[in-house]
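Residues per chain, in single letters:
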Amino acid sequence: MKIEDLIKSTVTLDAAKKVILNFSYTQNVIVDKFNEILKPYDVSREQYNVLRILRGQKGYPANMCIIQERMLSKSSNTTRLIDKLLLKEYVTREVCPNNRRKIEILITEKGLAVLTELDPVVIAHEQLFANNLSAEELQQLNILLEKYRTII
């Protein structure tokens, strides 16, 4: 369905505005579906992102700077996210023995178990949207999105 129909626009939209509206609308659809997946686990998208980052460390600790630079949402309050994950026992937080100013964050077995349970559901979520496009279209869409967000 065209974006004009979805938002019931009565004016002609130029191409640049339509792209932004399409991005925003599509992002909201994807996020709403993803939030439904995470809700039973009492995990936010940002917390899920932190857990994925920590799992990617393959047993090595990450500090707050590493986590923050890898976050999808750069405006996230990383300290608050870590605190919430600590309460759920999905991560541990320790002072680095070599540098007492550095805090090391590790994912726990409980955190890994939640990700393992979520993995197939998240893959199915991704495929739900990808099924509308061919492999070539997916590749082209990725190229276009990367090109579009590169601001000179």
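Relevant structure appears above.
Now for a look at the structure at hand. Computed from a predicted model, the values in this text were never measured in an experiment. (Residues numbered from 1 in each chain as written. Predicted model: local features only at pLDDT ≥ 70, side-chain atom pairs only at ≥ 80, totals over all residues. Heavy atoms only, no water.)

1. Describing the packing of aromatic side chains
When we look at a pair of aromatic rings, we describe it by the centre distance and by the angle of the planes.
Part 1 of the argument: One pass over the structure, following the stated rule, counts two aromatic pairs.
Part 2 of the argument: Centre to centre, the rings of phenylalanine 23 and tyrosine 148 are 5.0 Å apart; their planes meet at 65°, and the pair counts as edge-to-face. Placement of the pair is phenylalanine 23 in helix H2 (residues 15-38) and tyrosine 148 in helix H7 (residues 135-148), with a sequence separation of 125 residues.
Part 3 of the argument: Given the relative accessible area of 35%, phenylalanine 23 is considered partly exposed.
Part 4 of the argument: Relative accessible area serves as the criterion here: at 41%, tyrosine 148 is assigned to the partly exposed category.
Part 5 of the argument: Here phenylalanine 34 and tyrosine 48 contribute two aromatic rings whose centre-to-centre distance is 5.4 Å and whose plane-to-plane angle is 75°, an arrangement assigned as edge-to-face. Here the residue phenylalanine 34 occupies a position in helix H2, and tyrosine 48 occupies one in helix H3 (residues 45-55), the gap between them amounting to 14 residues. Across this residue pair, the class does not change: phenylalanine 34 and tyrosine 48 are buried. (Phe/Tyr/Trp six-rings, centres within 6.5 Å; stacked < 30°, edge-to-face > 60°. Helix = DSSP H or I, 4+ residues; strand = E, 2+ residues; numbered from the N terminus. Buried < 20%, exposed > 50% of the residue type's maximum accessible area, 1.4 Å probe, protein only.)

2. Some details on helix H6 (residues 109-130)
Residue pairs three or four apart in sequence face the same way in an α-helix, which turns once every 3.6 residues.
Part 1 of the argument: Here H6 contains 22 residues, and its C-alpha end-to-end distance of 31 Å stays within 8% of the 32 Å for a straight helix at 1.5 Å per residue.
Part 2 of the argument: Taken as a whole, H6 carries its principal kink of about 35° at aspartate 119; the proline proline 120 stands between one and four residues after it.
Part 3 of the argument: Within H6, the full set of buried residues consists of Gly111, Val114, Leu115, Leu118, Val122, His125 and Ala130.
Part 4 of the argument: Of the surrounding secondary structure, the elements contacted by the buried residues of H6 are H2, H3, strand S2 (103-107) and H7. (Expected span 1.5 Å × (residues − 1). Bend = angle between axes of the 7 residues up to and from the residue. Contact = heavy atoms within 4.5 Å.)

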